[in-house]
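Secondary and tertiary structure notes
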2 protein chains.
Amino acid sequence: MTARAPAAPTLVETVTQAITQRIASRKLVPGARLPSVRSFAEAMGVSKSTVVEAYDRLGAEGAIVARRGSGFYVAGKTRPLCLKAVGPELDRAVDPLWITRQSMQSGPDLLKPGSGWLPSSWMPDDAIRRGLRHLSREGTRSLVCYDQPLGFAPLRGQIARRMEEKGVVAQADQILLIDSATQAVDLLCRFLLSPGDTVVLDDPCYFNYHALLRAHRVNVVGVPFTPTGPDLAALEAAFAAQRPRFYLANSALHNPTGATLAPATVHRVLRLAEAHDTLIIEDDIFGDLESEPAPRLAGFDGLQRVIQVGSFSKTLSASVRCGFLAVRPDWIEPLVDLKLAMSLGNGHFAATLMHRLITDGTYRRHLAEIREKLARDRGLAARRLEACGLTLWTEPRGGLFLWARLPDGLDSAEIARRALAQGVVLAPGAAFSTSGAGTPYLRFNVAHCADPRIFSVLERAMQGGPA
Amino acid sequence: MTARAPAAPTLVETVTQAITQRIASRKLVPGARLPSVRSFAEAMGVSKSTVVEAYDRLGAEGAIVARRGSGFYVAGKTRPLCLKAVGPELDRAVDPLWITRQSMQSGPDLLKPGSGWLPSSWMPDDAIRRGLRHLSREGTRSLVCYDQPLGFAPLRGQIARRMEEKGVVAQADQILLIDSATQAVDLLCRFLLSPGDTVVLDDPCYFNYHALLRAHRVNVVGVPFTPTGPDLAALEAAFAAQRPRFYLANSALHNPTGATLAPATVHRVLRLAEAHDTLIIEDDIFGDLESEPAPRLAGFDGLQRVIQVGSFSKTLSASVRCGFLAVRPDWIEPLVDLKLAMSLGNGHFAATLMHRLITDGTYRRHLAEIREKLARDRGLAARRLEACGLTLWTEPRGGLFLWARLPDGLDSAEIARRALAQGVVLAPGAAFSTSGAGTPYLRFNVAHCADPRIFSVLERAMQGGPA
């Protein structure tokens, strides 16, 4: 081999790489048509002959193929979809999928203030044990049979009653059981989206939304989130310019910020959605942790343009899985068909157990208890974070999360990396915000902040140590 | 209004309708590029000017839009995905989604020889009751926590051991838990397919495959199924001409025919898949009902090109849902990411209960018992069907199903319609075969054939009555 000095890439190489990257990240899938030479030359700011040469080179490599009279197409077979390979390669400390995995691993030595759920010691395990013994004496049907197509009717009735307490009026037959809120959002994506559609998200938002929407091959537009809800001017601009299919909102006890939409914001978001004919999926997964329900998008709207999604995974059990969606009546039938095609239906046993825990009073008592504990722990965690030099973005009215800003000059990903080396799993802002707006922030789950080691590790990480 | 005599459609109208239908059936989705005028004219066998006029007309109606220099595109926003609206509108009696729904409804008055699963009285409810009481005394983790990312490790170990008994060698960390086999196939579709890809199915095959693949917007090619497996010449032709991404096979106790692949067929299917670089998903959902395991595609192949899928829904409980897939080691990590993005993981409680039912001996005893009962009922049902004038397509070596041909001249959809009016849910062949090859057949679930009323209703339906 001869040794050669590395040279700066030529224009042709730069263009070639840009296309190769789009193919690798599946922005261009096999069989997709490449942009015309002229439009790509304009977009890249290069001459047409440069693009022609790049296309020729990729053609010679077999990466693209020319079809007479109709342009260039991506060659070859589809490769498996790797969420990790899409977008920039992430450091594990800020890789949301990896943070989720860490939080799910059983390692008792890890402290997890970055977790998205309550500690198992907070969950109503005694009531679940009683519920299991109760169901072990009930009819065979709930133990071995498929659920009804919409899901266990008595539970749907209870969910409708609970939604009404939050101002959302739904009939039981507008409610569909799905095994988790994530699966419900996924089902709705299947129902509503085609590849290439656009979806609006809050910036920052729950990190799994990005992964889920990537799997649906749609474009995502982030709208800055404020302590009273989405920035309305930016939301209007996104609705007007991008014609999104829906806005995926998290209006009560927003993840990661803990903020809740102000009533006037609820009204204005709905007005904008109407003006631009955009749907809204309202993920109400943390809604039951509110003491006094704030207005919901689904409530003001009457489930016309808004679809609401929820589950019991965060409040009763993430092991016995049960979620649901509420939607306008005429969409129930096609959604049931799609649900059966994707899964053959929800878990019947989980639905009967959740129904039992609601009707025997467990759920109401348990919610009262965890709301109180969360209020206490939120105060404690806030004081400790402030003592470490962090600033709260807002004072949440309930829920698990505090969104706290590091002092200027500190990078949350670097802090998370150092803390992880000391056995503390943090949730750095970059995982929740692809725009970089979240970079100075960390999300803290107050229910996991009791151990003072968390704050000593955090302080050391902020001081640059340990080596 | 003026009255006009109906005229035969002009060529332009015919072309216009062809495009409108493709848009309605989502073969062309909003934003998709229409074929070039020349290629479409060739495909339709009309002149280019006819296509130009049709495109102009559709443009004037707003159905498509011209983009300068780059052709015509489907206009408008995506409409919700309705599986029903895709393909020909089906009579309810042959609508597979509707048959599934009927089988899931609780109506005790309906007789369901068309059902795809065992009666609840056959399921091991006493063992499940004991299992629930046992788990009610176990640690909190299995009751309230998310499962590990791959799923409960002890169950994955047991599944690996059970697969090995069927000649499929897999390590526990090649196995991923998913809540059902349907969800496992769905996850694999996400992982492997892009819209417009092609998948090969058996003709006939399990009807839900068609619905599921439709939701993934892929093309489906059916290959005739014979009593020893797929027709190999047709399979080779499909592999060569269509370059499918995978063949979705059901190699043991095939649904709906009950046939099992001959060992030589297993070998040859693998050779063909290798020669044409096609993957295989082997759905082994009924495999545990075999007394003597036949060779599996995944076993001969060593899980290189074959992915195997299974579940406990058909044998232990469809209410406490637990399925799995086994795949080559390097695909586990991206599949875990995708699984978490879609669902936040499988049900931990279901996995611990299934593990308990395997390790306490319930599963082995229960399988022995239902295999014996199925053998008895298969013989009984076969004799009764033959007495009614139907002919068995093959003698299955195990499982739930008999695929039986009606006497010439009788249409299974019409028979199913008449039987339904008498409270008997049949599974007519057209639901399993889009080619029409299945039309003279009905699928019978022998475990649901004990009630003699089924055969008297069938006979009356075959005689043309009741009015």
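None of the values given here were measured: they were computed from a predicted structure. Throughout this description, residue numbers start from 1 for each chain and increase along the sequence as written. Note on labels: chains are lettered from A, ligands numbered from 1, in written order. Given that the model is predicted, a residue must reach a pLDDT of at least 70 before its local features are reported, and side-chain atom pairs must reach 80 or more before they are shown or counted; all residues, however, enter totals for whole chains, interfaces and linings. To get the side-chain values, take all heavy atoms of the structure and skip hydrogens and water.

This next bit is on the environment of P204 of chain B. Residues and elements named next belong to chain B. Along the chain, the position of P204 falls in the loop between β4 (198–203) and α9 (207–215). Buried means the residue's accessible area, taken with a 1.4 Å probe over protein chains only, is under 20% of the maximum for its type, while exposed means over 50%, and partly exposed covers the values in between. Judged by its relative accessible area of 7%, P204 falls in the buried class. Through-space distance from the C-alpha of P204 to that of H254 is 9.5 Å; in sequence the pair is 50 residues apart. Residue contacts follow a heavy-atom distance rule, with two residues in contact if any of their heavy atoms lie within 4.5 Å. With sequence-adjacent residues up to four places away left out, P204 is seen in contact with F225, H254, P256, T257, W403, F432 and S433. The numbering of helices and of strands both runs from the N terminus, where a helix is a DSSP run of H or I of at least 4 residues and a strand a run of E of at least 2.

Okay, the packing of helix α8 (residues 181–192) of chain A against helix α9 (residues 207–215) of chain A next. All names here are of chain A. Under this scheme, a helix contributes an axis fitted over its contacting stretch, all axes are lines through C-alpha atoms, and angles between N-to-C directions fall in the 0 to 180 degree range. Where α8 meets α9, the closest approach of the two axes is 11 Å, and the angle between their N-to-C directions is 35 degrees. Note on packing geometry: the crossing formed by α8 with α9 is right-handed. For the pair α8 and α9, the contacting residues are T182, V185, D186 and C189 in the first and N208, L212 and L213 in the second. Of the residues in the contact of α8 with α9, the class split is four nonpolar, two polar and one charged. Handedness of a crossing follows from how the near helix is turned relative to the far one, being left-handed for an anticlockwise turn of less than a right angle and right-handed for a clockwise one. Gly is placed with the polar residues, together with every amino acid not listed as nonpolar (Ala, Val, Leu, Ile, Met, Phe, Trp, Tyr, Cys and Pro) or charged (Asp, Glu, Lys and Arg).

We define the nonpolar core as a collection of buried residues of types Ala, Val, Leu, Ile, Met, Phe, Trp, Tyr and Cys that are connected through side-chain atoms lying within 4.5 Å of one another. One finds L458 of chain A together with L458 of chain B to be the most contacted residues of the largest nonpolar core, which totals 286 residues. Once residues within four sequence positions are removed from consideration, L458 of chain B is found in contact with L385, C388, L390, I415, L426, L442 and F444 of chain B. Formed by 17 residues, the second largest nonpolar core is a distinct cluster that contains I19, L28, V37 and Y55 of chain B.

Another point: the interface of chain B and chain A. Between chain B and chain A, the residue contacts involve 91 residues of the former and 90 residues of the latter. Summed over both partners, the accessible area (1.4 Å probe) lost when two parts come together is defined as the buried area. Roughly 7,600 Å² is buried in total at the junction of chain B and chain A, and carbon and sulfur atoms are behind 54% of that figure. Any Lys or Arg side-chain nitrogen found within 4 Å of a carboxyl oxygen on Asp or Glu counts as a salt bridge. Counting across the chain B and chain A interface gives two salt bridges. With a closest N to O distance of 2.5 Å, D186 of chain B and R190 of chain A form a salt bridge. Identification of polar contacts relies on pairs of N or O atoms within 3.5 Å, with a donor-acceptor requirement for protein atoms, meaning one able to donate a hydrogen and the other able to accept it, and with residues adjacent in sequence counted only if both atoms are side-chain atoms. Summed over the shared surface of chain B and chain A, the result is 34 residue pairs in polar contact (both at pLDDT 80 or more).

Moving on, we get to the packing of aromatic side chains. All names here are of chain A. Pairs were defined over the aromatic rings of Phe, Tyr and Trp, the Trp ring being its six-membered one, requiring ring centres within 6.5 Å. Orientation was assigned from the angle between planes: stacked under 30 degrees, edge-to-face over 60, tilted for the rest. Overall, the coordinates contain 29 aromatic pairs over all chains when judged by the stated rule. Arranged with centres 5.7 Å apart and planes meeting at 35 degrees, the rings of Y206 and F207 form a pair that is tilted. Here Y206 matches F207 in class, with each residue buried. A ring pair is formed by F312 and F324, whose centres lie 5.7 Å apart and whose planes are at 50 degrees; its orientation type is tilted. In this pair, F312 sits in the loop between β9 (306–311) and β10 (323–326) while F324 sits in strand β10, placing the two residues twelve residues apart along the sequence. Here the two residues F312 and F324 agree in accessibility, since each one is buried. Ring-pair connections join several aromatic residues into one group, and the members of that group are Y206, F207, Y209, W403, F432 and Y441. A ring has a charge above it when a Lys NZ or an Arg CZ is no more than 6 Å from the ring centre and no more than 35 degrees off the ring normal. In this arrangement the basic side chain of R328 is found over the ring face of W331, its NZ or CZ atom lying 4.1 Å from the centre. Positioned over the ring face of W122 is K373, at 4.4 Å from the centre of the ring.

Residues and elements named next belong to chain A. Domain delimitation follows an automatic or database domain assignment. Assigned domains within chain A: domain 1 (11–74), domain 2 (88–116 + 370–462) and domain 3 (123–360). A separation of 25 Å is found between the C-alpha centroids of domain 2 and domain 3. Listed as interface residues are 24 residues of domain 2 and, on the opposing side, 28 residues of domain 3. Both faces combined, the contact of domain 2 with domain 3 buries some 2,100 Å², and carbon together with sulfur accounts for 64% of it. Here R397 makes a salt bridge to E290, at a shortest N to O gap of 3.7 Å. On the surface where domain 2 and domain 3 come into contact, there are seven residue pairs in polar contact (both at pLDDT 80 or more).

Our focus in this paragraph is the side chain of T50 of chain A. Residue and element names in this part refer to chain A. By the element assignment, T50 lies in helix α3 (residues 48–61). You can call T50 buried: its relative accessible area is 9%. Leave out the neighbours within four places in its chain, and T50 touches L11, V12 and V15.

Let's shift gears to the relation of the copies chain B and chain A. Superposition of the two copies of the chain requires a rotation about an axis together with a shift along that axis. A residue counts toward the fit only if its pLDDT is at least 70 in both copies, and the copies are then superposed by least squares on the C-alpha atoms of those residues. Once chain B is rotated about the relating axis by 180 degrees and shifted along it by 0.1 Å, it coincides with chain A to within an RMSD of 0.4 Å. Both copies of the chain, as the preceding transformation shows, are related through a two-fold rotation axis. Interface residue correspondence from chain B to chain A reaches 98%, placing this contact among same-surface, isologous pairings.

Residues and elements named next belong to chain B. Read from one edge to the other, the open sheet built from four strands follows the order β11-β12-β14-β13, with strand pairing classed as antiparallel. Both outer strands of the open sheet, β11 (391–392) and β13 (427–428), are each paired with one neighbouring strand and no more. A pair of strands is labelled paired if DSSP reports no fewer than 2 bridges between them. Both β11 and strand β12 (residues 401–405) contribute to a ladder of two bridges, which runs antiparallel. Bridged to T391 within β12 is R405.

Note on backbone geometry: most residues besides glycine have negative phi, and most peptide bonds are trans. Residue P204 of chain B is bonded to the preceding D203 of chain B through a cis peptide linkage, with omega at 5 degrees. Residues N255 of chain B and P256 of chain B are joined by a peptide bond in cis, for which omega reads 15 degrees. Note on placement: P256 of chain B falls in the loop between β7 (246–249) and α11 (263–275). Positive phi values are uncommon outside glycine, yet L303 of chain A reaches one of about 55 degrees. Residue class for L303 of chain A comes out buried when judged on its relative accessible area of 0%. Of note, L253 of chain B is a non-glycine position whose phi angle comes to about 50 degrees, a positive value. Tracing the backbone through its elements, the reader meets L253 of chain B in the loop between β7 and α11. The exposure class assigned to L253 of chain B is buried, which follows from its relative accessible area of 2%.

Turning our attention to the sheet that holds strand β5 (residues 219–226) of chain B. Residues and elements named next belong to chain B. With respect to topology, eight strands assemble into an open sheet ordered β3-β10-β9-β8-β7-β4-β5-β6, the strand pairing being mixed. Where the open sheet ends on each side, the last strands, each with one partner, are β3 (175–178) and β6 (229–230). Of the strand pairs in this sheet, strand β8 (residues 279–283) and strand β9 (residues 306–311) are connected by four bridges, and their pairing is parallel. Bridge assignment links D283 to a residue of β9, and that residue is V309. Docked against the sheet, helix α10 (residues 232–242) engages β4, β5, β6 and β7, running at close to 165 degrees with respect to β5.

Only a pair of cysteine sulfur atoms within 2.5 Å counts as a disulfide in this structure description. Evaluation of the coordinates by the stated rule reveals zero disulfides over all chains. The thiol sulfur of C205 of chain A is not disulfide-bonded, and the nearest other cysteine sulfur, from C189 of chain A, lies at 12 Å. The cysteine C388 of chain B is free of any disulfide, with C449 of chain B supplying the nearest cysteine sulfur at 10 Å.

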